[in-house]
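# Analysis of the macromolecular model
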Amino acid sequence: MTTFARFKRWAPAFAGVTLFFPSGFVHAESAEQALQKFVDNVQTFSAGFEQVQKDEKGAVLQKNSGRMALLRPGKFRWAYEKPYEQLMVCDGQTIWLYDPDLKQVTIREARDALAGTPAELLSQRSTLKSQFTITDAGKVGDARVVRLIPKSTAGDFQSIELTLKNGVPQHMQFHDQLGNITSVSFNGIQTNRLLDTAQFNFTPPEGVELVQAESSISTRPIVK
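### Regarding the overall build of the protein chain
For the protein chain, the count of helices and strands is four helices and twelve strands. Looking at the 224 residues of the protein chain, the share that counts as buried comes to 51%. Surface accessibility of the protein chain: about 10,500 Å² in total, with carbon and sulfur atoms responsible for 48%.

Structural data, given as structure tokens:
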């Protein structure tokens, strides 16, 4: 599996909202309106995450966990901690993917890498209708589930399901073209807090190999 194919843990595309969101959604609010509230009102988001990838038969392929942070527009940090370390940082212009085990840093232009991905959904303030078909996938308890289907057929995933509780993302699920399902659950969520902006910059360590990726790339969410 290539280094950037590990992007399936999203970000990513991968945020929240306590200060500016109401305590609940009105019943008449559509799924699109609920999702747009998240996009419009969340400036920063940080959380721990747990990610599980399963194949088309439901067998577990991988489990990963770590921490992530988001600063709109366009900046995020996605750090895998277990079972091994990997770091993805986007400064708004460039994505740096650092694999300590390989001693390698892959560099990509953010605009091309994120187009139409879940990471763009979380980190940008773009018009969602231009990238996704948005439908209401019902509710789980007091949480609303929004399904997004990419309008572009060039990507590696078929659909995204985003579970929102009081306007804050709690869970994301990705269905790829091969039938695999990647689930990401957030914990310890903090929204609209002041974040250290230095964490969204990256300087390659000495002695690592630098790989400049092609502009035409896979649009997978984060995965290892």
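### Digging into the confidence of the model for the protein chain
Of all residues in the protein chain, 75% have pLDDT values of 70 or greater, and the mean over the chain is 77. This stretch, residues 1-28, has a pLDDT under 50; its non-local contacts, to residues over four places away or in other chains, come to 135 contacts. Across residues 215-224, confidence stays below pLDDT 50; counting only partners more than four residues off in sequence or on other chains, it has 57 contacts.

### Quick notes on the sheet that holds strand 9 (residues 157-165)
Taken in spatial order, the twelve strands of this open sheet run 7-8-9-10-11-1-2-3-4-5-6-12, and their pairing is mixed. What marks the edges here is a single partner per strand, and that holds for strand 7 (132-140) and strand 12 (209-212). Averaged over all neighbouring strand pairs, the angle between strand axes comes to 20°, with direction disregarded. The sheet contact formed by strand 3 (residues 75-82) and strand 4 (residues 86-91) spans six bridges and is antiparallel. Directly across from Lys75, in strand 4, lies its bridge partner Asp91. Its contacts with the sheet place helix 1 (residues 31-41) against strand 7, strand 8 (143-150), strand 9 and strand 10 (168-176), and it is angled at close to 90° to strand 8.

### A look at the nonpolar core
Leu35, Phe45, Met68, Trp78, Leu148 and Phe186 are the most contacted members of the largest nonpolar core, which has 31 residues in total. Listed in part, the nine residues of the second largest apolar core include Leu87, Trp96, Val105 and Val208.

### Points about the pairing of strand 10
When you tally the buried positions in strand 10, you get seven out of nine residues, the bulk of the element. Where strand 9 and strand 10 come together, eight bridges link them in antiparallel fashion. The residue bridging Phe157 from the neighbouring strand is Asp176, located in strand 10. Taking the residues between adjacent antiparallel strands as the criterion, strand 9 and strand 10 are bridged by two residues, where Asn166 takes a positive phi near 55°. In this sheet, strand 11 (residues 181-191) lies alongside strand 10 in antiparallel orientation, the contact comprising five bridges. Across the sheet, residue Phe174 finds its bridge partner in strand 11, namely Thr182.

### Quick notes on the side chain of Asp176
On the secondary structure map, Asp176 appears in strand 10. On the accessibility criterion, Asp176 (2% relative accessible area) is buried. A distance of 2.8 Å separates the side chain of Asp176 from the backbone nitrogen of Asn180, its partner in a polar contact.

### Observations regarding helix 1
Taken as a whole, helix 1 has its buried residues at Ala31, Ala34, Leu35, Phe38 and Val39. All buried residues of helix 1 project into a common sector of 140° when viewed along the axis, lining one side.

### Brief notes about unusual backbone geometry
With glycine set apart, most residues show a phi of negative sign, and most peptide bonds adopt trans. In this structure, Pro73 follows Arg72 across a cis peptide bond, with omega equal to 0°. Mapping Pro73 onto the fold places it in the loop between strand 2 (60-71) and strand 3. The omega torsion of the bond from Lys82 to Pro83 falls at 0°, within 30 degrees of zero and hence cis. Along the chain, the position of Pro83 falls in the loop between strand 3 and strand 4. In this structure, Lys103 is a non-glycine residue whose phi angle is positive, near 55°.

Criteria and thresholds
- Residues numbered from 1 in each chain as written.
- Predicted model: local features only at pLDDT ≥ 70, side-chain atom pairs only at ≥ 80, totals over all residues.
- Heavy atoms only, no water.
- Helix = DSSP H or I, 4+ residues; strand = E, 2+ residues; numbered from the N terminus.
- Buried < 20%, exposed > 50% of the residue type's maximum accessible area, 1.4 Å probe, protein only.
- Areas by Shrake-Rupley, 256 points an atom, 1.4 Å probe, with all protein chains shown as cover.
- pLDDT = per-residue confidence, 0-100.
- Contact = heavy atoms within 4.5 Å.
- Pairing = 2+ DSSP bridges.
- Axes fitted to C-alpha atoms, helices over the stretch in contact; angles between N-to-C directions.
- Core = buried A, V, L, I, M, F, W, Y, C linked by side-chain atoms within 4.5 Å.
- Polar contact = N/O pair within 3.5 Å; in protein donor to acceptor, adjacent residues only side chain to side chain.
- Arc of directions from axis to C-beta.

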